[in-house]
Amino acid sequence: MNWLSRFFTSSIGRKLIMSLTGLFLILFLVVHLVGNLQLLNEDDGFSFNTYAYFMTHNGLVKTISFGLYFFIVLHAIQGIVVTIHNRKSRKKNYRQLNFREADFASRNMAVLGLLILAFLFMHMGDFWLKMKMGQLDMVKYDGVNYPVNDLYTRVNTAFSVWWIVVLYVIGQIALFFHLKHGFYSAFQTLGWNHPKYTPIIKGIGLVFSVVVPLGFALIPLYIYFVR
Amino acid sequence: MSTIAKDNTAEAEQNIKLDSKIPEGPLEEKWENYKGSMNLVAPNNKRHLEVIVVGTGLAGSSAAASLAELGYKVKAYTFHDSPRRAHSIAAQGGINAAKNYQNDGDSVYRLFYDTIKGGDYRSREANTYRLAEVSANIIDQCVAQGVPFAREYGGLLANRSFGGVQVSRTFYARGQTGQQLLIGAYSALSRQVSSGQVELFTRHEVLDIVIIDGKARGIIVRNLITGEIERHSAHAVVLATGGYGNVFYLSTNAMGCNVTAAWRAVQRGAYMANPCYTQIHPTCIPVSGSYQSKLTLMSESLRNDGRVWVPKKKEDVEAIRSKQKSPNDIPEEDRDYYLERRYPAFGNLVPRDVASRAAKQACDRGYGVNATGLAVFLDFNAAIERYGKAAAHQHGIHNPDASTIRKYGVEVIEQKYGNLFEMYEKITGDDPYRTPMMIYPAVHYTMGGLWVDYNLQTNVDGLFALGECNFSDHGANRLGASALMQGLADGYFVIPYTIGQFLSQEIQTPPIPNDTPEFLKAEKEVNERIDRLMDINGEVSVDTFHRELGHIMWEYCGMARNREGLLKGRAMIRELRDRYWKEVYIPGDRNEFNPELEKALRVADFMEMGELMILDALDREESAGGHFREEYQTEDGEALRRDEEYAYVSAWEWDEEEPELHKEKLVFENVELKVRSYK
Amino acid sequence: MKLTLKIWRQKDREETGGFETYQVEASEEMSFLEMLDVLNQELIEQKKEPVAFDHDCREGICGTCGMMINGQPHGPLKATTTCQLHMRHFNDGETILIEPFRANSFPVVKDLVVDRSAFDRIIQAGGYISVDTGQAPDGNVIPIEKDQASSAFDAAACIGCGACVAACPNASAVLFTGAKVSHLTQLPQGDVESKRRVQRMVAQMNKEGFGNCSNISACEAECPKEISVANIARMNREYISSSFSTDKVMD
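A quick note: this is a predicted structure, and the numbers were derived from the prediction, not measured.

Definitions and limits used
Residues numbered from 1 in each chain as written. Chains lettered and ligands numbered in written order. Predicted model: local features only at pLDDT ≥ 70, side-chain atom pairs only at ≥ 80, totals over all residues. Heavy atoms only, no water. Helix = DSSP H or I, 4+ residues; strand = E, 2+ residues; numbered from the N terminus. Buried < 20%, exposed > 50% of the residue type's maximum accessible area, 1.4 Å probe, protein only. Contact = heavy atoms within 4.5 Å. Areas by Shrake-Rupley, 256 points an atom, 1.4 Å probe, with all protein chains shown as cover. Lys, Arg positive; Asp, Glu negative; His and termini not counted. Charge placed at Lys NZ, Arg CZ, Asp CG, Glu CD. Buried area = accessible area lost by both parts, 1.4 Å probe. Pairing = 2+ DSSP bridges. Expected span 1.5 Å × (residues − 1). Phe/Tyr/Trp six-rings, centres within 6.5 Å; stacked < 30°, edge-to-face > 60°. Lys NZ or Arg CZ within 6 Å of the ring centre and 35° of its normal. Core = buried A, V, L, I, M, F, W, Y, C linked by side-chain atoms within 4.5 Å. Salt bridge = Lys/Arg side-chain N within 4 Å of Asp/Glu carboxyl O. UniProt positions renumbered as here; feature names shortened; annotations may be inferred. Axes fitted to C-alpha atoms, helices over the stretch in contact; angles between N-to-C directions. Domains from an automatic or database assignment. pLDDT = per-residue confidence, 0-100. Patch = residues over 30% accessible without salt bridge, like charges linked within 9 Å, V, L, I, M, F, W, Y side chains within 5 Å.

Quick look at the overall build of chain A now. Along its length, chain A carries nine helices and two strands. Across chain A, helices and strands are ordered from the amino to the carboxyl terminus as α-α-α-α-α-α-β-β-α-α-α. C-alpha atoms of chain A, sized along the principal axes, occupy 60 × 45 × 40 Å. Taking all 227 residues of chain A together, 44% fall into the buried category. Contacts in chain A between residues far apart in sequence, at least 24 positions, make up 73% of those at least 6 positions apart. Summed over all atoms, the accessible surface of chain A reaches about 12400 Å², with 71% contributed by carbon and sulfur. If you average the places of the 20 positive and of the 9 negative side-chain charges in chain A, the two averages end up 26 Å apart.

Okay, structure coming up:
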């Protein structure tokens, strides 16, 4: 295994981990968004709560979700390790920096990542943890012969508090910037840079980084202002 | 003993001292025969033989790499922070090779002939022929190393034509051929460094050559970071340290180019050959002020499309100088396209020496077009119009207006010379697409160098000189795109063979110790010299002296020389040298990184070299190539060669008071000596 | 034009160093380095230590010069080395901050001079085609598509100045290393040993202590030869595929 561990501890190997885990998380975001948008259905939480039940009880999904937790942790740890190493590569810093390429996102991926991580803790603490600890009410729907957690009501309660909504929106802004650079960056790290296709990847990346966080942000905003 | 007998003995002695060791046989067979009959060193012996290579430009890197590949233990030295910085990197145009890929009648003989003729019949036939012979291998070698030469759509190598020859034999990599070739040689060298076959010393400057029992056995170097003086020994020493153009202070050479290693060799008995032959390149950006540190070359290829002119009327000259008129305001009939006028057959494409001299003459007559009066125009308007019309036609526009023609014309010019135009604008702030370029000749290359025989060995056994550092192949004038060819020919394909002639006699010699009395003495002398310089503690900076030296050289030993001026120049240099050793101030300490001390040591050598250049120019009472003596010109101002008296290589043995001249007679068995005419 | 210069002065590798302020009278036609020459001439006349800076060809090709000028490697002009930058791009009365290129792998030698020998060692690790002198077949034996040769040239145009490392917030050397990998890999002659090459060069690059790439592209933006980050992607591709596709474990 020596060659493998050597590969994954090389600078390109570490970046490959960032890239692949990042791409997996990007995929997860799509699934998560599609599921969450059911919160906007005016059906007293039927579709959302049964969906949540499915996601927490289906064996395959559960297995994948362990993978997801692992990848989130790996992405975060690897990101921190890489960033610390990068900071150490220039111990004596410049008095003045005035670079031509000054893309905010690319220069602040670590800070953005940490923001997102903090957001994630809050987010999971708010919903996932409460559900796992059994602090949620149970609800039974017609046609479903078992009770499910009423996550829907919990979400509505949470998003009726203005500062939680604000924190969620901030979290999504951080996600927007993180994705704006991360999407293209993942492909660049994999070596997918091509005069014809890179502009397309960058275009898709930009659309993705706007649409997905916007979709997520829409939920608390809708609940706060409309419900 | 009669006088005649005495003379004969003197000549015989001379010939022994300057034995060029040219192999017997017809010209075309000399190199083949040589290779077939030369002494070889067996692989097991090569392992024990050490070679020092000084300089890591094209010649040095290629030699160090090739010798290491053969199995010799090589030590390579450069004063730069990396071998890749050597000034070979700045060559723009290309490299010649007799491949005849264009089917236009090129051959080894033609390349040889062009080189001899271009050199104004002052180079050695056998060496030049060998250069032409190995030229084709260079291209193959470089392609195999990954040099990205320009290619045609079919994937095969492209060629362009260059400076005054009638075939298309120049291989190129955009305008950065030197860079790409050097990176090729540098990569070959790096490969040997990584295999341990070459030990590389960067930021080390050679300050003396050590000679033991008549053989070069080592060098004294200064570690430029720590200032430490070190003794390094080997069985042979190869110098590939480039030319001495920086004697003139302002030149197209890099700031660090210097003659020190070669000059130290001369101090130790090596002969300096043909030092008066300096190539002045006609198309450089003119001097803009007294602070100027260097001159920038604009590739010779520009003369393919640019027309050189000055105004016919003095009042126009004044108006342009004072910026009351733009050059575009001068009507056609008031312009003097002096090259086209004087040389109708070659026009703007006359060889470098001719073009340079004509620019000087125009400016001397008071027609220089910038504030300093030392510039002429290089105008692309005619080319823009010509190309523009053709391109418009290709686009199906048969009656184009002026702006359409201009638009298309500029496009074509941009494709051909875009990077050069951009560089010109960066430096001058003028847009050469709008107003003509201003150019003036500048020192570019030195054809002279250490005297070497057919083996590229100097008159000191075991001391070799390659590339611009030696004198051997270009005679009195070098053709464009031939410097790269010679550097790589010497390094890749000549020295690996010829060094064997010497080293095969050394297989019994154990490793050379570096603490012999000769080494200790040389080290002591270097230390004393540095102390002496540091202790002067005067008031004047090294650059001030260097500038003054440059002025003297340019004024009295520049594009045109005469006896009176040369004598005056020599006296001035001697006076300058005296002052230097009394008044120079070097800040800092000798035991640290000290660029001023580096410069001071180099300038001290430049001053002596400058004097030798003047002496050689005085001796050569003829005009040939880069050496133009005003006393020896035809009625219409062309160079007048005197083959009867001066068809020799002058090889100077240094002496503080009166250096001694040795002459190697040049024998031409294969070409007929003709007057070069470009009219 | 009158200028105020704030220049980093550091006696040697060990000393801490700091900024010193100087006044200098320059003219618009001067190059940036000639302006420093003028300053040094004045310092020498006052018997003070001149500012040490690396430079050689002064025509933008040798890669020797390089310093941070107002926070940018090689200064404000795009695609221009320090030696080709002229004073007409500055204003009368301006204050200019000059620092050395900074990275742990580029230790300061003195003032503005840094040690970039790490680059040489990366090339020594594999930045070549293993061909001995005399082994080469005719140059036209292997045709190379014109655009392919041109693309290889674009990568080979690197002058090894170190601006990419200086510009990178991570002090990463992937553009330099990637350019060489990319130059040689794109040529049929160099493709033969491309697997071994990329493995060795990347290993050496890591060993030298450069940072990791995070695809900021500051390197490309500041590169005086405008080398593209596409070369980094090509190196990544080569590295990843060579790590998994070869039978042999490479050292």
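Here the focus is the arrangement of the chains. Summarising the chain contacts, two pairs of chains touch, and the pair with the most contacts is chains B and C. A minimum C-alpha distance of 19 Å separates chain A and chain B, which share no contact.

Right, let's talk about the interface of chain C and chain A for a bit. Often, the extent of an interface is quoted as the loss of accessible area on bringing the components together. Opposite the 54 residues of chain C that make contact, chain A presents 38 residues. At the boundary of chain C with chain A, total buried surface from both sides reaches about 3900 Å², with 51% on carbon and sulfur atoms. Elements that contribute at least two residues to the side of chain C that touches chain A include exactly β4 (72–73), β5 (95–99), α4 (163–167), α7 (194–207), α8 (218–222) and α9 (230–245) of chain C. Top contributing element to the side of chain C that touches chain A by residue count: α9 of chain C, with ten residues.

This part covers the pairing of strand β1 (residues 2–9) of chain C. All names here are of chain C. The buried count for β1 comes to six of eight residues, which makes it a mostly enclosed element. As paired strands, β1 and strand β2 (residues 18–25) are joined by eight bridges and run antiparallel to one another. Counterpart to Lys 2 in the pairing with β2 is Glu 25. Here β1 pairs with β5 via four bridges, running parallel. Of the residues in β5, the one forming a bridge with Ile 7 is Ile 98.

What follows covers helix α18 (residues 595–619) of chain B. Between the first and last C-alpha of α18 of chain B there are 36 Å, a value that for 25 residues agrees with the 36 Å anticipated at 1.5 Å per step. Taken across its 25 residues, α18 of chain B has 22 buried, putting it largely inside the fold.

Now for the packing of aromatic side chains. The full count for this structure, using the stated rule, is 51 aromatic pairs over all chains. Consider the rings of Trp 309 of chain B and Phe 377 of chain B, whose centres lie 4.7 Å apart with planes at 40°: the pair is tilted. Placement of Trp 309 of chain B in strand β12 (residues 307–311) and of Phe 377 of chain B in strand β14 (residues 376–379) is noted, with a sequence separation of 68 residues between them. Of the residues examined, Trp 309 of chain B reaches a relative accessible area of 0% and is grouped as buried. Site record: aromatic cluster; members linked through ring pairs are Trp 3, Phe 7 and Phe 8 of chain A together with Tyr 239 and Phe 244 of chain C. The side chain of Arg 335 of chain B reaches across the aromatic face of Trp 309 of chain B, ending 4.1 Å from its centre. Taking the ring centre of Trp 581 of chain B as reference, the NZ or CZ of Arg 532 of chain B above it sits at 4.1 Å.

Considering the arrangement of structural elements, one finds Arg 577 of chain B in helix α17 (residues 563–583). Aside from chain neighbours lying at most four places away, what touches Arg 577 of chain B is Met 607, Glu 608, Glu 611, Trp 654 and Glu 656 of chain B.

Moving on to the environment of Phe 46 of chain A. All names here are of chain A. Assignment of secondary structure puts Phe 46 in helix α3 (residues 46–57). On a C-alpha basis, the gap between Phe 46 and Ser 89 in space is 53 Å, while along the polypeptide they are 43 residues apart. Phe 46 has contacts with Tyr 141, Asp 142 and Val 144, leaving out every residue within four places of it along the chain.

So, about the nonpolar core. Grouped together as the largest cluster of nonpolar side chains are 264 residues, with contacts concentrated most on Ile 95, Phe 149, Leu 239, Leu 450, Ile 499 and Tyr 580 of chain B. The element best represented in this core is α18 of chain B, accounting for 14 residues. If we skip the residues at most four places from it in the chain, Tyr 580 of chain B touches Leu 533, Ile 536, Val 542, Phe 545, Ala 600, Val 603, Ala 604 and Met 607 of chain B. Counting residues in each nonpolar core, the second largest holds 29 residues, with Tyr 22, Ala 26, Leu 36 and Leu 39 of chain C among its members.

Counting residues at the interface gives 77 residues for chain B and 74 residues for chain C. Buried surface at the junction of chain B and chain C, both sides included, amounts to about 6200 Å², of which 51% is carbon and sulfur. Three residues, Arg 85, Tyr 291 and Lys 426 of chain B, lead the burial of chain B against chain C; their summed loss comes to 12% of the area buried on that side. For the pair chain B and chain C, the interface holds eight salt bridges. Here Arg 203 of chain B and Asp 54 of chain C are joined by a salt bridge, their closest N and O atoms 2.8 Å apart.

The next thing to look at is the UniProt feature "transmembrane region" (unreviewed entry) in chain A. Taken from the UniProt record, the annotation "transmembrane region" (unreviewed entry) applies to residues 20–40, 60–84, 105–124, 160–179 and 200–225 of chain A. Structurally, residues 20–40 of chain A is divided into 81% helix and 0% strand, and its ends, taken at the C-alpha atoms, are 31 Å apart.

With that settled, consider the sheet that holds strand β15 (residues 437–446) of chain B. A sheet is described by the order of its strands in space; here five strands give the open sequence β11-β15-β14-β12-β13 (chain B), paired in antiparallel fashion. Two strands lie at the open edges of the sheet, namely β11 (278–284) and β13 (335–336) of chain B, each paired on one side alone.

This paragraph deals with the sheet that holds strand β7 (residues 215–223) of chain B. Pairing between sheet strands relies on hydrogen bonds along the backbone, with the strands arranged either parallel or antiparallel. Residue and element names in this part refer to chain B. Ordered in space as β6-β7-β8, the three strands form an open sheet in which the pairing is antiparallel. Each end of this open sheet is capped by a strand with a single partner; those strands are β6 (204–212) and β8 (229–233). Averaged over all adjacent pairs, the angle separating strand axes in this sheet is 25°, with direction ignored. As judged from the eight bridges shared by β6 and β7, these two strands associate in the antiparallel manner. From the neighbouring strand, Ile 212 faces β7, where its bridge partner is Lys 215. The sheet strands contacting helix α15 (residues 517–536) are β6, β7 and β8, and the helix crosses β6 at an angle near 140°.

Okay, helix α7 (residues 151–158) of chain A next. When you tally the buried positions in α7 of chain A, you get six out of eight residues, the bulk of the element. Those residues of α7 of chain A that fall on the buried side of the exposure criterion are Leu 151, Tyr 152, Arg 154, Val 155, Asn 156 and Ala 158 of chain A.

The next thing to look at is the pattern of salt bridges. Residues and elements named next belong to chain B. Enumeration according to the criterion identifies 75 salt bridges over all chains in this entry. The residue Lys 21 makes a salt bridge to Asp 453 at a minimum N-O spacing of 3.2 Å. With a gap of 432 residues between them, Lys 21 in the loop between α1 (3–17) and α2 (30–37) and Asp 453 in the loop between β16 (449–450) and β17 (463–465) connect regions that are remote in the sequence. Using a relative accessible area of 1% as the deciding quantity, one classes Asp 453 as buried. One connected set of salt bridges, linked through shared partners, spans Asp 120, Arg 122, Asp 353, Arg 620, Glu 622, Arg 641, Asp 643 and Arg 676.

Residues and elements named next belong to chain B. The domain architecture assigned to chain B consists of domain 1 (42–277 + 445–503), domain 2 (283–441) and domain 3 (516–642). If you average the C-alpha positions of domain 1 and of domain 3, the two centres end up 24 Å apart. Between domain 1 and domain 3, a total of about 4000 Å² is buried, with carbon and sulfur atoms accounting for 62% of that surface. A per-residue breakdown of the area domain 1 buries against domain 3 is headed by Phe 248, Tyr 249 and Cys 276, which together make up 18% of the total.

The next point concerns the confidence of the model for chain A. For chain A, the average pLDDT comes to 94, and 100% of its residues sit at 70 or higher. Least confident of the elements in chain A is helix α1 (residues 2–9) of chain A, whose mean pLDDT is 89; most confident is helix α8 (residues 162–190) of chain A, at 97.

Looking now at the environment of Asn 70 of chain C. When you line up the elements, Asn 70 of chain C lands in the loop between β3 (68–69) and β4. Distance in space between the C-alpha atoms of Asn 70 of chain C and Phe 244 of chain C is 44 Å, their sequence separation being 174 residues. With residues up to four places along the chain from it excluded, the contact list for Asn 70 of chain C reads Gln 96 and Asn 98 of chain A together with Phe 90, Glu 94, Thr 95, Ile 96 and Leu 97 of chain C.

Let's shift gears to a nonpolar patch on the surface. All names here are of chain A. Together, Trp 162, Trp 163, Val 166, Leu 167, Ile 170, Tyr 224, Phe 225 and Val 226 line one region of the surface with nonpolar side chains, adding up to about 830 Å² of accessible area. Take the nonpolar patch: its biggest share by element is five residues, from α8. Position of Val 226 relative to the elements: it lies in helix α9 (residues 197–226).

This part covers unusual backbone geometry. All names here are of chain B. Phi at Asp 213 takes a positive value of approximately 50°, unusual for a residue other than glycine. With respect to the helices, strands and loops of the structure, Asp 213 is situated in the loop between β6 and β7. Even without glycine at this site, Asn 537 takes up a positive phi of about 50°. Mapped onto the secondary structure, Asn 537 falls in the loop between α15 and α16 (542–557).

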